[in-house]
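The lines below spell out each chain.
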Amino acid sequence: MGDGIQTLHTWERSGLLDDAWSRREFLKFCGRMAVLLGLSDAFIPRIARALETAIQNRRPSIVWLEFQDCAGNTESFTRADSPSVAQAVLEAVSLDYHETLMAAAGHRAEEARHKALEAHRGQVIVVVEGSIPTKDDGIYCTIGGKTALQIIREVEPYALVFVAVGTCAAFGGLPKANPNPTGAVGVEDVVRTKPVINLPGCPANPDVLMGLLVHYLVFNRLPDLDAQRRPLFAFGKRIHDTCERRPHFDAGQFALAFDDYGARQGYCLYKLGCKGPETYNICASLRWNMQASWPVKAGHPCIGCSERDFWDRFTPFYERLPEVRAFGVEQRADRLGGTLVGVTAVGVLAHALYTWAVRRAERKAEELAKKEGEAKPNPPEG
Amino acid sequence: MAERSESRIIYMKVWQAPIRIAHWLMFASVVTLGITGYLIGNPPFSAPGEASRIYTLGTIRFLHFLAGYVLLASFLLRLYWGFVGNRFSRWATMLPVRKWQWRWIWGETRSLLWPRIRYYAYTGHAPLGNLVYLLVYLGVLFSIVTGFTLYAHQQYTPFWRTLGAWGLALFGYNLNFVHLLHRLMLWFFAIFLVVHLYLVVYTVVVTRTTQIDTMISGKKFVFEEELAPEAEKP
Ligand code: HEM
Ligand code: HEM
Ligand code: SF4
């Protein structure tokens, strides 16, 4: 690790970071990145060196665009209570444009973006937060007189890659939820000529964004993605398969209310509507807020915020399955099914009784006809 | 009702072994899948104790997946036999693509709705049954597709990952929606089972043919005069 220690001394001297972030914190951060990417500790010095080089050269340039969003990803990234190493590193690398974080405003901000783009043509990492409205020529989100769509088109030639952070940028998210008044779509639906990487989540985990950056800096290529353009290192497994409550699921031990015995015992939250079985994300291993906790650990079922259309498909959040619209009302699938089975059974029974009654009447009539036939000397011709 | 002379009895082989095997495997697996599936989606138990010693839901899920493979096998067997089997089991005869088939279907439906109209027996499937069975096989296929999509997302090998991605793409990239569709199939089969059992028994009683025995032994026993005019005779 001699090499790494050398690097770390440079790091300290660089003075790029606040005193609060010691060499030790930085080393820990590099270690965490190595674990996140599934690398051995031999990579820690390499990661440290790559970051340091990036900081010295102030590249790659990062431009952070915000469209139809709540700034929740930015918020998560800056962690209002204690700025993270991740944020510090990102800013140090070269966050050239970020509406919420940058000091400049108005024309000067726009100028900063142009300068960054021109200086790094084809090399800019464009981070997008928020969805892009497409209805009515996209007028529902404009910045400096340009629509989100126009801004994307303008930036596209300069980009190396688009990174959609948060479910809104990745899949359209909340703005896209039914009835989608603005015709919102995700970045992947409008970017045509450059690769798009999705980091969904509400918000996306900041460490995952850093992992992506580190992967690029260390290996000079983008990480492997799944079919929905999510990096496998973070979205390779379902929450359910990494969850610490999973043994209780397999045992069949469930919390049935938020304050019952099962909840206190840390039982599985499946029956409270947990969407862990349907959600790919890294929350259970990486956790949040300095790795302190994550929703299921804190006792709340996963709502599947990083999945496509979660607002339409995963609600009600405290039910396992969405309701079904049938006969003009929303109902639970089992209620609907059970009712239909009941109706069928009644129908079948009615049919049986009806057939029986008809046949009996026919038999009676036949017998009657027979008797009458016996009484008369001349039976009717057949 | 017409006088029954009970003149001629037809006793003939109808269902070949693969059809019967596929049917009863399908019956066993669908019932198992329905019960275990219901319990997976809505487990009514929650026993206290050390989780490492208990594996209740794990066992139920295992049985579900096992039965899922059995259903797949029986479906493939039936699918294959529809191309090489006898005339009663061929897809070519079962698919209602000709106009007269629809006329027969309507005819049978009418006699079910108005019991005064004579209800006939058939050597193979009754026309309406034919249609419903095709629908049921589509239902089986749908359950298999959704079921194996869910299953694929619990495995992490390249094969299952690819399969899972394909399956998910079919249903709008939301796994919870696949769960919902898969669960609704439980009720599809429950409704079918009620109607199926009733009509099988109804046919036995009303037309005095064998049905359940036929699905077991393959041979059908039927009075010629009970046969529909259009029914195939030996
Ligand atoms: C007649 C056929 C079937 C029926 C009625 C059935 C029924 C069900 C039901 C009711 C559920 C619970 C759904 C929920 O509430 O989330 C379920 C889950 C599941 N089924 Fe099926 N199923 C059938 C066939 C299959 C097949 C062929 C497979 C393939 C292996 C399969 C694999 C699964 C899987 C993987 C789950 C999810 C289990 C989990 O969440 O851990 N099913 N099934
Ligand atoms: C969920 C369970 C069941 C399913 C999904 C099912 C499905 C089917 C299907 C698809 C056929 C058509 C056979 C073919 O041509 O391939 C069939 C026929 C038949 N099934 Fe079932 N079945 C079930 C349960 C039962 C049970 C419990 C019985 C008897 C007690 C039964 C008795 C029969 C008989 C007698 C036939 C022949 C009907 C005819 O001649 O048209 N089935 N069933
Ligand atoms: S709490 Fe949720 S993610 Fe964890 S085991 Fe239960 S259902 Fe799965």
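Higher on the page you've got the structure.
Just so we're clear, the structure is a prediction, and the values are computed from it rather than from any experiment.

Attention shifts here to the overall build of chain B. Of regular secondary structure, chain B possesses 8 helices and 2 strands. Helices and strands in chain B line up, N terminus first, as β-α-α-α-α-α-α-α-α-β. Dimensions of chain B, computed from the C-alpha atoms along their principal axes, are close to 70 × 40 × 30 Å. A total of 234 residues make up chain B; the buried ones form 47% of that total. A total accessible area of about 11,900 Å² is found for chain B, and carbon and sulfur atoms account for 70% of it. When the 21 positive and 10 negative side-chain charges of chain B are each reduced to one mean point, those points stand 10 Å apart.

Not every one of the 13 residues close to ligand 3 is listed here, only the nearest: His240, Cys243, Cys268, Leu269 and Cys274 of chain A. Given that more than half its atoms are within 2 Å of the pocket grid, ligand 3 belongs to the largest cavity.

With that out of the way, let us pick up the interface of chain B and chain A. At the interface, 48 residues of chain B touch 50 residues of chain A. The junction of chain B with chain A conceals about 4,400 Å² of combined surface from both sides, 58% of it contributed by carbon and sulfur atoms. Here chain B is connected to chain A by 2 salt bridges. We note a salt bridge from arginine 183 of chain B to aspartate 334 of chain A, for which the minimum N-O separation is 2.7 Å. Where chain B packs against chain A, one counts 24 residue pairs in polar contact (both at pLDDT 80 or more). Elements supplying a minimum of two residues to the side of chain B that touches chain A: α1 (17-41), α2 (56-84), α4 (99-113), α6 (158-170) and α7 (175-207) of chain B. Ranked by residue count, the leading element in the side of chain B that touches chain A is α7 of chain B, at 15 residues.

About the cut-offs
- Residues numbered from 1 in each chain as written.
- Chains lettered and ligands numbered in written order.
- Predicted model: local features only at pLDDT ≥ 70, side-chain atom pairs only at ≥ 80, totals over all residues.
- Heavy atoms only, no water.
- Helix = DSSP H or I, 4+ residues; strand = E, 2+ residues; numbered from the N terminus.
- Buried < 20%, exposed > 50% of the residue type's maximum accessible area, 1.4 Å probe, protein only.
- Areas by Shrake-Rupley, 256 points an atom, 1.4 Å probe, with all protein chains shown as cover.
- Lys, Arg positive; Asp, Glu negative; His and termini not counted.
- Charge placed at Lys NZ, Arg CZ, Asp CG, Glu CD.
- Near = heavy atom within 4 Å.
- 1 Å grid on protein atoms, 1.4 Å probe; cavity = no way out; pocket = protein on both sides within 12 Å on 5 of 7 lines; lining within 4 Å.
- Sits in = over half its atoms within 2 Å of the grid points.
- Contact = heavy atoms within 4.5 Å.
- Buried area = accessible area lost by both parts, 1.4 Å probe.
- Salt bridge = Lys/Arg side-chain N within 4 Å of Asp/Glu carboxyl O.
- Polar contact = N/O pair within 3.5 Å; in protein donor to acceptor, adjacent residues only side chain to side chain.

By themselves these figures say nothing about function.
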